[in-house]
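Chain residues, written in single-letter form:
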Amino acid sequence: MAEAVVEVEGLWKAFGDVSAVEDLSFSIERGQVYGLLGPNGAGKTTTLRVLMGLERPTRGSTRLFGSTVTPSCNELFRVGAMVEQAAFVPHLSGMRNLRLWWEATGARMKDADLDGALAIAGLGDAVHRKVKTYSQGMKQRLGFARLLLGRPELLVLDEPTNGLDPGEIREIRELIGRLTSAGATVLLSSHHLNEVEQVCSHALVMNHGRLITSGTVSELIGTTKSIYIEVDPADRVRAHTLLSTHPHVADVQTQGDGLVMEMRDGQRSDVAALLVNAGLRLETIMPTQGLEDAFLDLLAAGDAADAGGNTVGASTTNRSEVVS
Ligand SMILES: Nc1ncnc2c1ncn2[C@@H]1O[C@H](COP(=O)(O)OP(=O)(O)OP(=O)(O)O)[C@@H](O)[C@H]1O
Ligand SMILES: [Mg+2]
């Protein structure tokens, strides 16, 4: 049976009158790369901080490797967390910073996985340069190296690509790829939706502290209603006719060599079955949207369901909040 590395059940976290997280539940199994997606103020950082024992939950439970999280629980030693900005001594080299930090924990350098950490962080010779000469992306990679010294089984990363340029974002994405192919479990939060789409196996979408949806990234993309289909050219007219008269289908348009249809309800698999059962040669069927569009749709749907509830409408994606 797969072991749950992270289990969050009915988590609530309030700061005075502000409800940062409301009734959030999710679990992460070993080897998953799990994305927490949501706009500013959604409650992502708060969730990660509670999970790391940095905040006490108002209600609900958080478990790591099967044990309840407390500020001093042993399971936290199995986690590498980047929830705060990593700070380094600027006039010392990256390597010296790594050693100082590791030894400050009372551990011996020979017990650290220095080679493994440096291989994944990919800093090369720059690790011997002073940190004040580093770009933002290099500092972030040094932060990763620091986390990896202790051979963590779970990595918790709050917006690991925040403030980086596109090249640096790609490097961090590759770094996370190296981590996960080495078997790590990763929980990360992000605004970069296409990053999540490319990096994560699973994702959870939250807004106003609440879960909107969760699942595999392909399931989340699959919740979109717009579908692109290609059939054998000889079957295209029949496919158009079949689809446009079907009760699940709201609209069908020709696009290039294919058809784009909007579903009213039902599953993509229903459409595939309909066409195949009618003897059509189906070549491609896929959602037209990526996670970014799916995410915006989900947030909009969540807000519509909230109508009359606490806040917001179209402003969800640009609410700015003060984050501690
Ligand atoms: N220490 C705190 N005291 C008071 N309110 C807080 C505190 N920490 C967070 N909040 C509030 O809780 C809500 C959720 O904040 P949180 O930082 O978890 O969101 P987030 O999803 O990480 O947002 P961002 O994408 O901007 O980082 C916000 O309304 C925020 O202002
Ligand atoms: Mg945050």
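First, a word on scope: everything that follows refers to the structure included in this document. Fair warning: this is a prediction, and the values are worked out from it, not measured in the lab. Starting from 1, residues in each chain are numbered consecutively following that chain's sequence as written. By the order in which they are written, chains take letters starting at A while ligands take numbers starting at 1. Given that this is a predicted model, residues contribute local features only at a pLDDT of at least 70 and side-chain atom pairs are listed and counted only at 80 or more, while totals for whole chains, interfaces and linings are drawn from all residues.

### Notes on the overall build of the protein chain
Inference 1: Strands are runs of DSSP state E lasting at least 2 residues, helices are runs of H or I lasting at least 4, and numbering of each runs from the N terminus. On a plain count of helices and strands, the protein chain comes out with ten helices and 14 strands.
Inference 2: Exposed residues have 12 or fewer other C-beta atoms within 10 Å of their own C-beta, buried residues have 20 or more, and residues in between are partly exposed; the C-beta atoms are placed from the backbone. Per-residue burial over the protein chain gives 38% buried out of 324 residues.
Inference 3: Counted over contacts in the protein chain with a minimum sequence separation of 6, partners at least 24 positions apart contribute 70%. We call two residues in contact when their backbone-placed C-beta atoms lie within 7 Å.

### So, the environment of Arg281
Inference 1: Note on placement: Arg281 falls in the loop between helix H9 (268–277) and strand E14 (282–287).
Inference 2: Overall, Arg281 belongs to the partly exposed group, with 13 C-beta atoms counted inside 10 Å.
Inference 3: Between the C-alpha atom of Arg281 and that of Asp232, which follows or precedes it by 49 residues, the distance is 5.5 Å.
Inference 4: When near neighbours in sequence (up to four residues on either side) are disregarded, Arg281 contacts Val231, Asp232 and Asp235.

### Details of helix H4 (residues 136–148)
Inference 1: By definition here, a helix of n residues has an expected span of 1.5 Å times n minus one. When the terminal C-alpha atoms of H4 are compared, their 19 Å separation across 13 residues agrees well with the 18 Å that a helix rising 1.5 Å per residue should span.
Inference 2: Among the 13 residues of H4, eleven are classified as buried, and the element is accordingly described as predominantly covered.
Inference 3: Residues Met138, Lys139, Gln140, Arg141, Leu142, Gly143, Phe144, Ala145, Arg146, Leu147 and Leu148 constitute the buried set of H4.
Inference 4: Taken together, the buried residues of H4 touch strand E6 (79–82), helix H2 (94–104), helix H3 (114–121), strand E7 (154–158) and helix H5 (166–181).

### What to know about the sheet that holds strand E11 (residues 226–231)
Inference 1: As summarised here, the arrangement of the four strands in space is E12-E13-E11-E14, forming an open sheet in which the pairing is antiparallel. Of all the strands in the sheet, just strand E12 (249–255) and E14 have a single pairing partner and so form its edges. Between one strand axis and the next, the sheet turns through 20° on average, direction left out of account.
Inference 2: Sheet analysis places E11 next to E14, joined by five bridges and oriented antiparallel. Paired with Glu230 across the strands is Thr284, a residue of E14.
Inference 3: The strands that helix H8 (residues 236–244) touches are E11, E12 and strand E13 (258–263); relative to E12, the one it contacts most, it runs at about 160°.
Inference 4: To define axes, lines are fitted to C-alpha atoms, for helices over the stretch in contact only, and angles between the resulting N-to-C directions are given on a 0 to 180 degree scale. Packed on one face of the sheet, H9 meets E11 and E14 and runs near 165° to E14. Paired strands, as defined in this entry, are two strands with at least two bridges between them according to DSSP.

### Description of the nonpolar core
Inference 1: By size, the foremost hydrophobic cluster in this structure holds 66 residues, and its most contacted members are Ala121, Ala145, Val156, Val186, Leu187 and Ala203.
Inference 2: Excluding its chain neighbours within four sequence positions, the residues that come into contact with Val156 are Leu48, Leu51, Met52, Val79, Ala81, Val83 and Leu187.
Inference 3: If you look at the next biggest cluster of nonpolar residues, it comprises eleven residues, including Val231, Leu243, Leu259 and Leu275. When buried Ala, Val, Leu, Ile, Met, Phe, Trp, Tyr and Cys residues are joined through C-beta atoms within 7 Å, the set is termed a nonpolar core.

### Observations regarding the sheet that holds strand E1 (residues 4–15)
Inference 1: One open sheet holds the four strands; their spatial order is E2-E1-E4-E5, and the pairing between them is antiparallel. The open sheet has two free edges, formed respectively by strand E2 (18–29) and strand E5 (67–68), since each of these has just one partner strand.
Inference 2: By the bridge criterion, eight bridges tie E1 to E2 in an arrangement that is antiparallel. Directly across from Leu11, in E2, lies its bridge partner Leu24.
Inference 3: Its contacts with the sheet put helix H1 (residues 44–51) on E1, E2 and strand E4 (59–64), and the angle it makes with E1 is roughly 120°.

### As for the pairing of strand E3 (residues 33–37)
Inference 1: The buried fraction of E3 is high, at five of five residues.
Inference 2: Here E3 shows two buried faces, one formed by Val33, Gly35 and Leu37 and the other by Tyr34 and Leu36.
Inference 3: The pairing of E3 with strand E8 (residues 185–190) spans five bridges and is classified as parallel. Counted as the bridge partner of Val33 is Val186 from E8.
Inference 4: Judged from the four bridges that link them, E3 and strand E9 (residues 202–207) form a sheet pairing that is parallel. Bridging from a neighbouring strand, Gly35 pairs with Ala203 of E9.

### Let's talk about the pairing of E4
Inference 1: Across five bridges, E1 lies against E4 in antiparallel orientation. If you follow Glu9 over to E4, its bridge partner there is Ser61.
Inference 2: Remark: two residues form the turn of the hairpin made by E4 and E5, two consecutive strands paired antiparallel; Phe65 in that turn has positive phi of roughly 50°.

### A short note on the environment of Thr45
Inference 1: Mapped onto the elements of the fold, Thr45 is located in helix H1.
Inference 2: Between the C-alpha atoms of Thr45 and Glu84, which are 39 residues apart in sequence, the distance is 9.5 Å.

### Structural notes on the environment of Trp102
Inference 1: Inspection of the secondary structure puts Trp102 in helix H2.
Inference 2: It is 9.7 Å that separates the C-alpha atoms of Trp102 and Leu147, two residues lying 45 residues apart in sequence.
Inference 3: In this structure Trp102 touches Ala107, Met109, Ala112 and Leu149, once residues within four positions along its chain are discounted.

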